[in-house]
Amino acid sequence: MTVEILLGDEAVALGALHAGLSGAYAYPGTPATEIHEYIQRTGPQFGLGASPWSTNEKVAYEEALGCSHTSKRALVCMKHVGLNVAADPFMNSAVTGVDGGLVIAVADDPGMHSSQDEQDSRYFAQFAQIPCFEPSTQQQAYDMTRAAYDLSERLRVPVMIRLVTRMAHSRAAVKVGAPRPQNPLAVSRARDTWTLLPTNARAGYRKLMEKQAEMLADSEASRFNRLSLEGDRRLGVIASGVAVNYVLENVETPLPLLELRQYPLPEGLIRTFVAGVDRVLVVEEGYPFIERQLRGVLGNEKIRGKLDGALPITGELLPSIVRAALGLPPRGGEPVRASIPLPARPPALCQGCSHIDAFNALNAALDTIEDKGAVYGDIGCYTLGFYPPYDGIDACVCMGASVSMAKGAADAGAHPVVAVIGDSTFAHSGITPLLSAAQCNSPMTVVILDNSTTAMTGGQHSMATGGRLEEICAGVGVAREHIRVITPLRKHHDENVKVFQDEIAYRGLSVVIPRRECIHTARR
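Residues numbered from 1 in each chain as written. Predicted model: local features only at pLDDT ≥ 70, side-chain atom pairs only at ≥ 80, totals over all residues. Heavy atoms only, no water.

Q: Please set out empty space enclosed by the protein residue by residue, giving values where relevant.
A: If you walk through the whole model with that rule in mind, you get four cavities of 30 Å³ or more. Reported here for the largest cavity is a volume of approximately 60 Å³. Lining of the largest cavity is provided by Y27, P28, W53, S54, T55, S424, A427, H428, T454, H461 and M463. Each residue belonging to the lining of the largest cavity can be placed in one class, and the counts come to five nonpolar, six polar and no charged. (1 Å grid on protein atoms, 1.4 Å probe; cavity = no way out; pocket = protein on both sides within 12 Å on 5 of 7 lines; lining within 4 Å. Points joined across faces, edges and corners; volume = space filled by probe spheres on them. Nonpolar A, V, L, I, M, F, W, Y, C, P; charged D, E, K, R; others polar.)

Q: With reference to specific residues and values, describe the side chain of T425.
A: By the element assignment, T425 lies in helix α18 (residues 423-440). Using a relative accessible area of 5% as the deciding quantity, one classes T425 as buried. Among the polar contacts listed, one links the side chain of T425 to the side chain of Y382, at a separation of 3.2 Å. (Helix = DSSP H or I, 4+ residues; strand = E, 2+ residues; numbered from the N terminus. Buried < 20%, exposed > 50% of the residue type's maximum accessible area, 1.4 Å probe, protein only. Polar contact = N/O pair within 3.5 Å; in protein donor to acceptor, adjacent residues only side chain to side chain.)

Q: With reference to specific residues and values, describe the sheet that holds strand β10 (residues 257-260).
A: The strand order β8-β10-β9-β12-β13 describes an open sheet built from five strands, whose pairing is mixed. Where the open sheet ends on each side, the last strands, each with one partner, are β8 (226-228) and β13 (303-304). Pairing of strand β12 (residues 279-283) with β13 involves two bridges; the strand directions are parallel. Pairing of L281 across the sheet is with R304, part of β13. In the packing of helix α12 (residues 243-250) onto the sheet, the strands contacted are β9 (235-240), β10 and β12, and the crossing angle to β9 comes to about 140°. (Pairing = 2+ DSSP bridges. Contact = heavy atoms within 4.5 Å. Axes fitted to C-alpha atoms, helices over the stretch in contact; angles between N-to-C directions.)

Q: Quick rundown of unusual backbone geometry? Include the residues and the values.
A: Omega for the peptide link from T30 to P31 comes to 15°, which places this bond in the cis form. With respect to the helices and strands, the residue P31 is situated in the loop between β2 (21-26) and α2 (33-42). In this structure, S71 is a non-glycine residue whose phi angle is positive, near 75°.

Q: Break down the sheet that holds strand β16 (residues 444-449) for me, with residues and values.
A: Read from one edge to the other, the open sheet built from five strands follows the order β14-β15-β16-β18-β17, with strand pairing classed as parallel. Single-partner strands in this sheet number two, and they are β14 (374-376) and β17 (483-486). Mean inter-strand twist for the sheet, computed between neighbouring axes without regard to direction, equals 20°. Where β14 lies against strand β15 (residues 417-422), three bridges are found, and the strand directions are parallel.

Q: Tell me about the nonpolar core, and please be specific about residues and values.
A: Ranked by size, the top nonpolar core spans 101 residues in total, and within it L75, M160 and V283 carry the most contacts. Per element, the largest residue contribution to this core is seven residues, and it comes from helix α7 (residues 138-155). Counting 49 residues, the second largest nonpolar core, distinct from the first, contains C353, V403, F500 and I513. (Core = buried A, V, L, I, M, F, W, Y, C linked by side-chain atoms within 4.5 Å.)

Q: So what's going on with the packing of helix α17 (residues 401-411) against α18? Which residues, and what values?
A: Contact geometry of α17 with α18 gives a least axis separation of 7 Å together with a crossing angle of 25°. Taken as axis vectors, α17 and α18 run roughly parallel relative to one another. For the pair α17 and α18, the sense of crossing is left-handed. Across from V403, S404 and K407 in α17, the residues of α18 making contact are G430, P433, L434, S436, A437 and C440. (Parallel < 35°, antiparallel > 145°, perpendicular 65-115°, else oblique. Left-handed = near helix turned anticlockwise from the far one by under 90°.)

Q: How would you explain the layout of surface pockets if you had to name every residue and give the values?
A: Computed from the structure, the largest pocket encloses a volume of approximately 980 Å³. Lining the largest pocket are 42 residues, with S114, I379, G380, T383 and M456 sitting closest to its centre. Per element, the largest residue contribution to the lining of the largest pocket is five residues, and it comes from α18. Here the residues of the lining of the largest pocket are counted per class, giving 19 nonpolar, 19 polar and four charged.

Q: Can you tell me about the pattern of salt bridges, naming the residues and giving the values?
A: Taken as a whole and assessed by the stated rule, the structure comprises 27 salt bridges. Ionic pairing is found between E284 and R122, a salt bridge with its closest N-O pair at 3.0 Å. Pair noted here: E284 is in the loop between β12 and α14 (289-295) and R122 is in helix α6 (residues 122-128), with a separation of 162 residues, a long-range link. Its relative accessible area of 0% is what places E284 among the buried residues. Each member of the salt-bridge network shares a partner with another, and the members are D108, D120, R122, E134, R162 and E284. (Salt bridge = Lys/Arg side-chain N within 4 Å of Asp/Glu carboxyl O.)

Q: I'd like to hear about the pairing of strand β6 (residues 159-164), residue by residue, with values.
A: For β6, the tally of buried residues reaches six of six residues, placing the bulk of the element in the interior. The alternating pattern of β6 places V159, I161 and L163 on one face and M160, R162 and V164 on the opposite face, and all of these are buried. Where strand β4 (residues 102-108) and β6 come together, six bridges link them in parallel fashion. Following the sheet pairing, A105 is matched in β6 by I161. Direction of pairing for strand β5 (residues 132-133) relative to β6: parallel, over a ladder of two bridges. Bridge pairing in β6 places F133 opposite I161. Each parallel crossover has a hand, and the one from β5 via α7 to β6 is right-handed. (Right-handed = clockwise from strand over helix to strand, strands pointing away.)

Q: Any details on the side chain of E284? Residues and values, ideally.
A: Here the side chain of E284 touches I290 through a polar contact of 2.9 Å, landing on its backbone nitrogen. Of the polar contacts made by the side chain of E284, one reaches the backbone nitrogen of E291; its length is 3.1 Å.

Keep in mind these numbers describe shape, not what the thing actually does.
Now the structure itself:
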């Protein structure tokens with residue numbers, strides 16, 4: 001047994017490789033990106049091929065499911081909002097079941113450091129009625145991933161590993177074991193199981209329901225769920241995942257503690273614990289998932305947590321927040337204060353970024369129009385065009401929504417209507433709505449900012465960049481004369497403004513592609 005210093009993300013990746021991984025699939029998204037990047041760097045040592053990024057999370061999940069269909073073990077990774085994109089195959093895979101072990105690693109982002117919401121993926125695991133692991137330490141992230149593959153193949157269902165930002169992006173020493181060989185190739189012949197026609201799906205769903213008791217029993221007996229009634233029983237704490245650390249960091253003497261890291265919730269352990277203490281404080285990172293189930297419909301005055309204000313219901317937990325909820329006095333020491341007031345420093349586009357010149361030209365073109373209409377943004381570095389000095393985005397909801405929302409606004413009669421989307425996001429989920437807009441020749445302009453990479457998550461490979469972009473746009477039906485490529489540089493400002501003016505004035509679908517490589521990938 002050796003020791004490695006690993007991020008939580010990397011611990012999951014190495015656990016999967018040591019479990020005999022044959023296929024890894026992902027779309028980059030903070031805080032999950034480093035899982036796949038570690039596999040890309042390290043996988044060849046374990047006989048894994050090149051592990052390219054997938055087009056989007058739905059595609060990644062389906063690729064992993066196909067790998068499982070051949071009895072090989074697969075890993076699919078994404079952030080919490082990416083699971084929304086993958087929800088269709090994810091939910092249905094619980095009904096088909098799996099042949100080779102299938103683990104889905106999802107990294108949630110409490111506090112929304114780089115996300116649109118605080119979505120808690122434990123609800124998705126419960127929704128699909130599959131097991132879920134939630135590690136408290138990097139060691140557990142490694143151990144749980146290995147255990148998840150064994151559980152997946154024993155129950156023949158996908159298994160989720162749920163991480164949060166602090167677990168994904170912090171490092172610790174991890175003791176690692178010997179790697180297991182990959183499964184032999186054996187394509188499934190269970191056609192009835194894998195083909196979700198209604199007659200087959202009904203049978204598959206019954207089988208899934210029959211597995212619930214075994215999932216619960218496994219959770220009740222899990223070494224990752226720990227119960228202790230030692231200490232003063234006037235207050236007991238139920239904590240899950242990374243929140244266990246915040247509790248242990250604050251207590252100097254033993255207190256009754258139930259540590260939950262494997263789901264479905266172990267009802268027997270919980271009943272034993274709750275019966276043994278006077279009051280219960282539930283500490284969990286994310287939604288009040290455990291607390292809400294403990295309270296039930298009628299509520300329980302014995303239970304405290306996020307629903308009664310003992311802990312905040314939004315944002316990340318902190319040790320100091322947990323300390324106050326435990327009724328402990330603040331730790332000593334004066335808070336650090338700046339000697340002079342510091343101005344706010346909102347995130348900004350990098351100096352020399354091609355998006356700066358693109359926004360300047362687009363804004364200049366819109367400034368010549370009395371009614372500026374609306375500019376719909378998307379997920380990427382260019383979302384920072386919302387901030388001054390650009391003030392260039394009126395809405396941004398989710399991946400690909402810029403094109404769809406622009407079409408909806410154009411359908412309603414708004415003009416001018418502009419969608420701003422990056423090359424990688426366009427490949428992820430912008431092509432389909434562009435096909436819809438082309439079918440209707442909607443009066444709107446789509447700006448595809450081509451910086452040749454997935455810049456926001458660290459410069460991963462982009463699926464649709466360069467000349468491929470023009471061919472895709474023409475292929476879905478955009479008139480070639482209204483597919484315009486410009487170079488976003490200050491020296492071309494006037495001619496770029498003219499291109500934007502011409503295409504915005506056109507009462508049909510047009511595409512403008514500002515193309516210049518991200519300065520950071522160019523430097524590398």
